[in-house]
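Chains, contacts and geometry: an overview
For reference, the chains in residue letters:
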Amino acid sequence: MKAVPIIAIDGPSASGKGTVAERVAAKLGFHYLDSGAIYRAAALAALQAGLDLAGAAEPIAALAGAMPLRFAGGAVWLGDADVSRQIRSEECGTSASRIAALPAVRDALLERQRAFAAAPGLVADGRDMASVVFQSAALKVFLTAGVNERAWRRTAQLATIPLNDAKGLIEKEKDAKLAILFDSVLTDLQERDRRDAGRSAAPLKQVEGAKLLDTTQLSIDEAVARVLGWYREVSEAQAGAV
Ligand code: C5P
């Protein structure tokens, strides 16, 4: 049986990997897995259940394995509740990063993530797609950007203003509120990077064989074109080898 082709895209928070992965999937007609959304939903479920995220791992892992999570109609559902917006909060992001450091939670979510691999193919984004979940992916990409650039992008997103406007206002110190938001976003990203890369269970890293895509100076279209180009190369090389 022919293996389902998988493109694994890992990288730090706010690097733009989700947008790039989603567009690559749309271009190829592949399924898309936002594994971060699964960790965020697990964190939300744990918070709603009143579990202590700093306490024992087992109850959190049991809940993560059993939570009634669905992706449908472009939304993320926990049971009958559309939690798409809620899981995007900074609180859920930080809580997700906390529970993601627990090996029992990662184990509980492993098969759930692998179940997304289906014909005609899958583009999966996260932190350990290449290193753990889809080790035999046809293409592995480590997508990153400088931390300041990522903080500008996230700030612009939160303030709902164009990126260049946000950069200009912050650099020229023209908007004190925006500068405060930028500082808190930057601190949060640095802390999250430290936690995601420094944990012992499936730390964020560029694995051997993964292609580095630094998007600091790239537009989304350019980043998408780069991934599609690499995928074409590996597909052609595989077809030639058969
Ligand atoms: O990608 P996103 O920021 O939505 O992920 C939220 C958190 O979930 C990350 O900070 C990370 O700690 C965790 N995560 C993970 N492994 C993944 C995806 C997300 O540890 N594959």
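1. Remarks on the side chain of Ser-95
Here Ser-95 shows up in helix α4 (residues 90-99). At 2.8 Å, the side chain of Ser-95 forms a polar contact with the backbone oxygen of Glu-91. Sequence-distant contacts of Ser-95, defined by excluding residues within four places in its chain, comprise Ala-43, Leu-47 and Leu-53.

2. Thoughts on unusual backbone geometry
For the bond from Ala-119 to Pro-120, the omega torsion is 5°, close enough to zero to count as cis. Its location among the elements puts Pro-120 in the loop between α5 (103-114) and β6 (122-126). With a phi angle near 45°, Thr-160 is a residue other than glycine that sits in the positive phi range. Structurally, the position occupied by Thr-160 is in the loop between α7 (147-159) and α8 (163-171). For Thr-160, a relative accessible area of 70% corresponds to the exposed category. A positive phi is found at Ala-202, a non-glycine position, where the angle reads about 45°. Topologically, Ala-202 is positioned in the loop between α9 (176-198) and β8 (211-214). In this structure Ala-202 comes out as buried when scored by relative accessible area, which is 16%.

3. Details of the sheet that holds strand β4 (residues 75-78)
The 3 strands are arranged β3-β4-β5 in an open sheet whose pairing can be described as antiparallel. One side of each edge strand has no neighbouring strand; the edge strands of this open sheet are β3 (69-72) and β5 (81-82). Two elements, β3 and β4, share 4 bridges in a ladder whose sense is antiparallel. Residue pairing in the sheet places Leu-69 in a bridge with Leu-78 of β4.

4. Looking at the packing of aromatic side chains
Taken as a whole and assessed by the stated rule, the structure comprises 3 aromatic pairs. Seen from their ring centres, Phe-71 and Phe-116 are 5.6 Å apart, and the 80° between their planes marks the pair as edge-to-face. With Phe-71 in strand β3 and Phe-116 in the loop between α5 and β6, this pair connects stretches of sequence that are 45 residues apart.

5. Digging into the site of the ligand
The immediate surroundings of the ligand are formed by 18 residues, with Arg-40, Arg-106, Arg-127, Asp-128 and Asp-196 found nearest. Between the ligand and the protein, one listed contact pairs an oxygen atom with a side-chain N or O atom of Arg-192 at 3.1 Å. In the environment of the ligand, an oxygen atom lies 2.9 Å from a nitrogen or oxygen atom belonging to the side chain of Arg-199. Contact with the protein chains hides 97% of the accessible area of the ligand, taken as 450 Å² for the molecule alone. At a threshold of 2 Å from the grid points, most atoms of the ligand map onto the largest pocket. Elements with a contribution of two residues or more to the shell around the ligand: α2 (35-48), α4 and α9. Considering every element that reaches the shell around the ligand, the biggest residue donor is α2, with 4 residues. Of the residues in the shell around the ligand, the class split is 4 nonpolar, 5 polar and 9 charged. Residues lining the shell around the ligand come from more than one domain, with at least three contributed by each of domain 1 (1-30 + 121-229) and domain 2 (34-119).

What counts and what doesn't
- Residues numbered from 1 in each chain as written.
- Predicted model: local features only at pLDDT ≥ 70, side-chain atom pairs only at ≥ 80, totals over all residues.
- Heavy atoms only, no water.
- Helix = DSSP H or I, 4+ residues; strand = E, 2+ residues; numbered from the N terminus.
- Polar contact = N/O pair within 3.5 Å; in protein donor to acceptor, adjacent residues only side chain to side chain.
- Contact = heavy atoms within 4.5 Å.
- Buried < 20%, exposed > 50% of the residue type's maximum accessible area, 1.4 Å probe, protein only.
- Pairing = 2+ DSSP bridges.
- Phe/Tyr/Trp six-rings, centres within 6.5 Å; stacked < 30°, edge-to-face > 60°.
- Near = heavy atom within 4 Å.
- Areas by Shrake-Rupley, 256 points an atom, 1.4 Å probe, with all protein chains shown as cover.
- 1 Å grid on protein atoms, 1.4 Å probe; cavity = no way out; pocket = protein on both sides within 12 Å on 5 of 7 lines; lining within 4 Å.
- Sits in = over half its atoms within 2 Å of the grid points.
- Nonpolar A, V, L, I, M, F, W, Y, C, P; charged D, E, K, R; others polar.
- Domains from an automatic or database assignment.

On their own, these measurements won't tell you what the molecule is for.
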